[in-house]
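What follows is each chain in one-letter form.
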Amino acid sequence: MNLKRPFRIEFEISSLCNAKCSGCQRTMLDDKGEYYYKGNISMEQMNEWFDDVNLKDARIKLCGVLGDPIINPECVDICSYLILEKKVDRIELSTNGGTRGEKFWKDLAEISHLSKRDNDLSGLVVHWSIDGVTKNDYRENVSLEKVWKNFNIYHKNKGRSIWQYIHFDYNADEIELAKKKAQILNIPLRVRVSWRNTGDVKFKSKEALKLDSQTYEEVKNRSLKRNYEESDIVCRHKIENEIFVTSEGKIWPCCHLHDEQVSYKTDIIKKINLKNDLNEHKLYDILKSDWYQKTLEDSWNKNHPLHLPRCYLTCGDNGKRIVVK
């Protein structure tokens, strides 16, 4: 972790969500009745945790592993705080867009419009996760009619947007239609694939096999058995100086290791005796720890005693399976 370079920080400002997507870790935990922290980052906590942290040149993403940021009742206040008080140049807010009312979307649009500086990506830009034009099957429990209604309110009030479209088998036939709609709306459309959708999931993606011809389960088994020569990890934490802040104030190098911990796959905190809680430690003290400064990268060697197979599963083989966010 290079503390002299600007950060890229992903905040999970809420672990709650209106959706019930089958591939979501929160949905799977709920279905199994397993515990996870259910809550939001408050404005008071943002002030306490980041008061002495320079975020001016940071690239901020409001997204997460478990929740949707717009569920947080202080979402607009947090965006205003980051833009006006912390002088953040760039905020990306990712949402399924299927909840909240007219006032919320007008307020968010105003922040987006007024925060634009020298380019279209400066200030606040909402990333709409809409996986189809007339169908949005993956986003279960989300009304597509409600999504487009909210989008139109936000768009008419000069809010700036990017449309993120995950390529599944079920929606492949609507990609060209989405391109035409995006042109009419005058917004960028980003069609991406997620390699995890090659696995044992409800909504699959043959397109994702172009990233790696082996399925998720096949590579997962190899990673657990350490059945590979070199890990060749392309780490977003290292390359982009990224950190992930959970809704309960834990600091992780990335969303993947948070997912590994919260899903009970690996108790990383216990395994490496990690002190990563902002309620107990200052951000810079956490990031100056041996694990962040040296041990994490050393552990990419499969023979290291603190090796984490998830690092190879997600970002190994020269990053060909890496998630584009």
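These notes cover the structure that comes with them. (Residues numbered from 1 in each chain as written. Predicted model: local features only at pLDDT ≥ 70, side-chain atom pairs only at ≥ 80, totals over all residues. Heavy atoms only, no water.)

### Section: the overall build of the protein chain
- In terms of helices and strands, the protein chain carries 13 helices and 8 strands.
- By the compact-globule yardstick of 20 Å for 325 residues, the protein chain fits well, its C-alpha radius of gyration being 19 Å.
- With the C-alpha coordinates aligned to their principal axes, the bounding extent of the protein chain is approximately 55 × 45 × 40 Å.
- Per-residue burial over the protein chain gives 55% buried out of 325 residues.
- Taking as baseline every contact in the protein chain between residues at least 6 positions apart, the subset at least 24 positions apart corresponds to 75%.
- For the protein chain, the exposed area adds up to about 15100 Å²; of that, 48% sits on carbon and sulfur atoms.
- Averaging the locations of the 54 positively and 50 negatively charged side chains of the protein chain gives two centres separated by 3 Å. (Helix = DSSP H or I, 4+ residues; strand = E, 2+ residues; numbered from the N terminus. Rg over C-alpha atoms; globule rule 2.2 N^0.38 Å. Buried < 20%, exposed > 50% of the residue type's maximum accessible area, 1.4 Å probe, protein only. Contact = heavy atoms within 4.5 Å. Areas by Shrake-Rupley, 256 points an atom, 1.4 Å probe, with all protein chains shown as cover. Lys, Arg positive; Asp, Glu negative; His and termini not counted. Charge placed at Lys NZ, Arg CZ, Asp CG, Glu CD.)

### Thoughts on unusual backbone geometry
- Of note in the backbone geometry, Asn141 takes a positive phi value of approximately 75° without being a glycine.
- Relative to the elements of secondary structure, Asn141 occurs in the loop between strand S4 (123-129) and helix H5 (144-156).
- A residue is classified by how much of its surface remains accessible, and Asn141, at 64% relative accessible area, is exposed.
- You will see that Asn186, though not glycine, has its phi angle at about 60°, which is positive.
- With respect to the element layout, Asn186 can be found in the loop between helix H6 (175-185) and strand S6 (189-192).

### Structural notes on the packing of helix H7 (residues 216-225) against helix H13 (residues 309-319)
- Two elements in contact, H7 and H13, have axes separated by 8 Å at closest approach and are oriented at 130°. As far as their axial angle goes, H13 and H7 are oblique. Relative to H13, the crossing made by H7 is right-handed. Contacts between H7 and H13 involve Tyr216, Val219, Lys220, Arg222, Ser223 and Leu224 on the former and, on the latter, Pro309, Tyr312, Leu313 and Asp317.
- Looking at the contact of H7 with H13 residue by residue, the classes come out as 6 nonpolar, 1 polar and 3 charged. (Axes fitted to C-alpha atoms, helices over the stretch in contact; angles between N-to-C directions. Parallel < 35°, antiparallel > 145°, perpendicular 65-115°, else oblique. Left-handed = near helix turned anticlockwise from the far one by under 90°. Nonpolar A, V, L, I, M, F, W, Y, C, P; charged D, E, K, R; others polar.)

### Overview of the environment of Pro305
- Along the chain, Pro305 turns up in the loop between helix H12 (290-298) and H13.
- Between the alpha carbons of Pro305 and Ile272 there is a distance of 9.5 Å; along the sequence they are 33 residues apart.

### A few points about the nonpolar core
- Grouped together as the largest cluster of nonpolar side chains are 86 residues, with contacts concentrated most on Phe11, Phe50, Leu82 and Leu108.
- Considering each element in turn, this core owes the most residues, 7 residues, to helix H3 (residues 75-85).
- Residues in contact with Phe50, not counting those within four places in the same chain, are Phe11, Leu55, Tyr81, Lys86, Val245, Leu278 and Leu283.
- In this structure, Trp195, Tyr228, Tyr312 and Leu313 belong to the second largest nonpolar core, which totals 6 residues. (Core = buried A, V, L, I, M, F, W, Y, C linked by side-chain atoms within 4.5 Å.)

### Some words on helix H2 (residues 43-50)
- Along H2, the residues classified as buried are Met43, Met46, Trp49 and Phe50. Mapping the buried residues of H2 onto a view down its axis gives an arc of 135°, with all of them on the same face.
- Buried residues along H2 sit in contact with strand S1 (8-11), H3, strand S7 (242-245) and helix H11 (283-287). (Arc of directions from axis to C-beta.)

### Let's talk about the sheet that holds strand S8 (residues 251-252)
- With mixed pairing, the 8 strands of this open sheet are ordered in space as S6-S5-S4-S3-S2-S1-S7-S8. The outermost strands of the open sheet, each flanked by one partner alone, are S6 and S8.
- With 2 bridges connecting them, S7 and S8 associate as antiparallel partners. Paired with Val245 across the two strands is Ile251, which belongs to S8.
- Running at roughly 160° to strand S3 (residues 90-95), H3 makes contact with strand S2 (59-62), S3 and S4 of the sheet.
- Contacts between helix H4 (residues 102-115) and the sheet are confined to S3 and S4, with S4 contributing the most and set at about 130° to the helix. (Pairing = 2+ DSSP bridges.)

### Description of the packing of H3 against H4
- Direction vectors running N to C along H3 and H4 enclose 10°, while the axes themselves pass 10 Å from each other. With respect to H4, the element H3 is oriented roughly parallel. Residues Cys75, Val76, Cys79, Ser80 and Ile83 of H3 form the contact with H4, whose own contacting residues are Phe104, Asp107, Leu108, Ile111 and Ser115.
- Taken together, the residues of the contact of H3 with H4 sort by class into 7 nonpolar, 2 polar and 1 charged.

### A short note on the packing of aromatic side chains
- All told, the structure shown has 18 aromatic pairs when counted by the stated rule.
- Here the aromatic rings of Phe11 and Phe50 are separated by 5.2 Å at their centres, their planes lie at 75°, and the arrangement is edge-to-face. Here Phe11, found in strand S1, pairs with Phe50, found in helix H2; they are 39 residues apart in sequence, far enough to count as distant.
- On the basis of relative accessible area, Phe50 is assigned to the buried category, the value being 0%.
- A ring pair is formed by Phe168 and Tyr170, whose centres lie 5.5 Å apart and whose planes are at 25°; its orientation type is stacked.
- Residue classification places Tyr170 among the buried positions, given a relative accessible area of 16%.
- Here the aromatic cluster, defined as three or more aromatic residues joined through ring pairs, consists of Phe104, Trp105, Trp128, Trp148, Phe151, Tyr154, Trp163 and Tyr165.
- The aromatic ring of Tyr36 is capped on one face by Lys38, whose charged end is 4.0 Å from the ring centroid.
- Just above the ring of Tyr228 sits the side chain of Lys302; from NZ or CZ to the centre is 5.3 Å. (Phe/Tyr/Trp six-rings, centres within 6.5 Å; stacked < 30°, edge-to-face > 60°. Lys NZ or Arg CZ within 6 Å of the ring centre and 35° of its normal.)

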